[in-house]
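# Per-entry structural report
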Amino acid sequence: MNTFINYITESGISLGLLSLVYFAFLRNETFFKANRLFLLGAVVFSSLLPFLHLRIIQSGASITLNSTGQGSTMLETVTVYSTNMSGFLSQLINSNMLLVYLYFAVSAVMSFMLIFRISRIAYLVFTNPREHKDGITFVYIEEDSSPYSFLHFLFVSKKNQTHPGWEKMLAHESEHIRQGHTADVLILELISLFQWFNPFFWMLRRVIKENHEYMADRAVLQNGVPVDLYKQVLISQFIGQQFRIANNFNSSLIKSRIKMMTRIKSSKLATLRYLSGIVTILLLLVVFACEKKEVTPEPEAQKGFLNDQGVFISNLDKDPLIIIDEQLADKDAMNKLDPQNIQSINVVKNQDNQFVAQYGEKAKNGVISIQTKEGSNDARKNNIEGISVVSYGSTTPKVESTDPVFNIVEEMPEFPGGDLALRQFIAKTVKYPVSAQESGKQGKVYVNFVVEKDGSVGRVKVVRGVDPALDMEALRVVKSSPKWTPGKQRGEAVAVSYTVPINFMLQ
């Protein structure tokens, strides 16, 4: 639903701004070819803009992660966009799915109508006499209508070939064919299936066809036809049946076409006006399509090695290893202990102490081993699992649970459906908190979790937060993950650590 709302909003804003640029700066200019490119590009660009996501690399220092997630597998960032638009449209669509069904129903009807019109033209081509001249196929039809063209076919009524100015009408339609205007028309018809709700699209669609007429008129006049004679043909032409999808010698634009014929050609300096369109497109890209991608150096906390059990041990110089009741802990957990509950404290400074074999190189910096009295709060209630935010240079070591946590194993855990399914699950499940939208909060929340032996997701924590509301939402979504296929090491299921960045972005 959010994607649908974003599409309507972004494409509508883009078409509106580019329409404003055209009517304010370009419509009265005689650069018809340039206007054709600008108008068609504006429609295509606005229709594709909601699907564009350009990553901008942002270098520089940043907060690094140092917690239970150190050395864990970093998953690809999942970006979640808010629906923070002028509120009413979002609430209206979210509260009434009938509008969504109506959108697709109208698109389906328009698709059928487009296929019908093309089929009708194809029928006329194959059921009427044809004649090929100078790269144009003339189709002689029985209908009483003015000439019209589609692709390289020029449809000519057998009844009106004696009409005054007939040759000028044929010359006009021939120019539509030579300049490939049908391709523009078909592109517009296809885009209308998705943009039918947008009034700016229909406005640009009309001026694109208007510009086609200007281009064909200019080509006819440049071939030596007097302006006054051509004006008379426009005024006295006979208009009959016509197909909307085809180019037609259309009388509805006669007034504006006659006015444009006599307009003085724009100066070359006027081409600078197109810079306004380029600037507008760039601004739209920056606002709607660009995403910041942070590039951070490898944090010191992640430098280390895997011990024999596959557990990551970091090399943090001069930081002693803290063990409470034979479990790894941190300084914060040690400071929380009630001194009256401490039975003994053993400080080991020798680098060759007995803990090196069990805990690796980290123990060479010294060990503080604390044993609490029986019946007191154990270390599990005081260790790092209660800490959600850490910063660069933290002395927090990796926390061990009852089951050792691996970071890289022979068979890594797999989310049902794979990595893409995981990103889709997070993107669909996250609900951008309204309070964060109203306060303008956005940013990247890093969530560390462990895929346990049974495939469940546990030990979920925020290792780098942005805002309490965003942090809580990220935790909620990760905790709601379905079971994974657990990882395996030497054929046995093991617990594996992951970190996923969830990027909350305001629209």
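Residues numbered from 1 in each chain as written. Predicted model: local features only at pLDDT ≥ 70, side-chain atom pairs only at ≥ 80, totals over all residues. Heavy atoms only, no water.

## Quick look at the pattern of salt bridges
Between side chains of opposite charge, a pair can form when the charged atoms approach closely. Per the stated rule, a full pass over the model turns up 15 salt bridges. We note a salt bridge from Arg36 to Asp184, for which the minimum N-O separation is 2.6 Å. Of this pair, Arg36 sits in helix H2 (residues 32-48) while Asp184 sits in helix H6 (residues 181-195), and the two are 148 residues apart along the sequence. Across the pair Glu473 and Arg476 runs a salt bridge, and its minimum N-O distance is 2.6 Å. Taken together, the residues span about one helical turn, with Glu473 and Arg476 both in helix H15 (residues 468-479) at a distance of three residues. With a relative accessible area of 10%, Glu473 lands in the buried category. Within the structure, one salt-bridge network assembled from shared partners comprises Arg27, Arg206 and Glu210. (Salt bridge = Lys/Arg side-chain N within 4 Å of Asp/Glu carboxyl O. Helix = DSSP H or I, 4+ residues; strand = E, 2+ residues; numbered from the N terminus. Buried < 20%, exposed > 50% of the residue type's maximum accessible area, 1.4 Å probe, protein only.)

## Overview of the packing of H6 against helix H7 (residues 199-222)
As a packed pair, H6 and H7 sit with axes 11 Å apart at the nearest point and diverge in direction by 175 degrees. It follows from the interaxial angle that H6 and H7 lie roughly antiparallel. Contact residues: His181, Asp184, Val185, Leu188, Glu189, Ile191, Ser192 and Gln195 in H6; Phe201, Trp202, Arg205, Ile208, Lys209, His212 and Met215 in H7. For the contact of H6 with H7, the class distribution of residues is seven nonpolar, four polar and four charged. (Axes fitted to C-alpha atoms, helices over the stretch in contact; angles between N-to-C directions. Parallel < 35°, antiparallel > 145°, perpendicular 65-115°, else oblique. Contact = heavy atoms within 4.5 Å. Nonpolar A, V, L, I, M, F, W, Y, C, P; charged D, E, K, R; others polar.)

## A look at unusual backbone geometry
Here Leu151, not a glycine, exhibits a phi torsion of approximately 55 degrees, which is positive. Following the sequence through the fold, Leu151 ends up in the loop between strand E6 (148-150) and strand E7 (153-157). Take Leu151: its relative accessible area is 41%, and that puts it in the partly exposed class.

## Observations regarding the environment of Phe449
Its place among the elements puts Phe449 in strand E17 (residues 443-451). Overall, Phe449 belongs to the buried group, its relative accessible area being 3%. Remark: the alpha-carbon pair of Phe449 and Val478, spanning 29 residues in sequence, is separated by 7.9 Å. Every residue in contact with Phe449, bar those within four places of it in the chain, is listed here: Leu75, Val457, Gly458, Arg459, Val460, Val478, Trp484, Val496, Ser497, Tyr498 and Val500.

## Describing the nonpolar core
Core analysis: the biggest nonpolar cluster contains 32 residues, and Ile426, Phe449 and Ile502 have the highest contact counts within it. Among the elements that make up this core, the one with the highest residue count is strand E20 (residues 492-505) (six residues). With residues near it in sequence (within four places) discarded, Ile426 still touches Val78, Val477, Val500 and Ile502. In this structure, Leu18, Phe38, Leu39 and Leu40 belong to the second largest nonpolar core, which totals 25 residues. (Core = buried A, V, L, I, M, F, W, Y, C linked by side-chain atoms within 4.5 Å.)

## A word on the confidence of the model for the chain
On average, residues of the chain carry a pLDDT of 76, and 72% of them reach 70 or more. Taken as a whole, residues 294-317 scores under 50 in pLDDT and shows 62 contacts with residues more than four places along the chain or in a different chain. (pLDDT = per-residue confidence, 0-100.)

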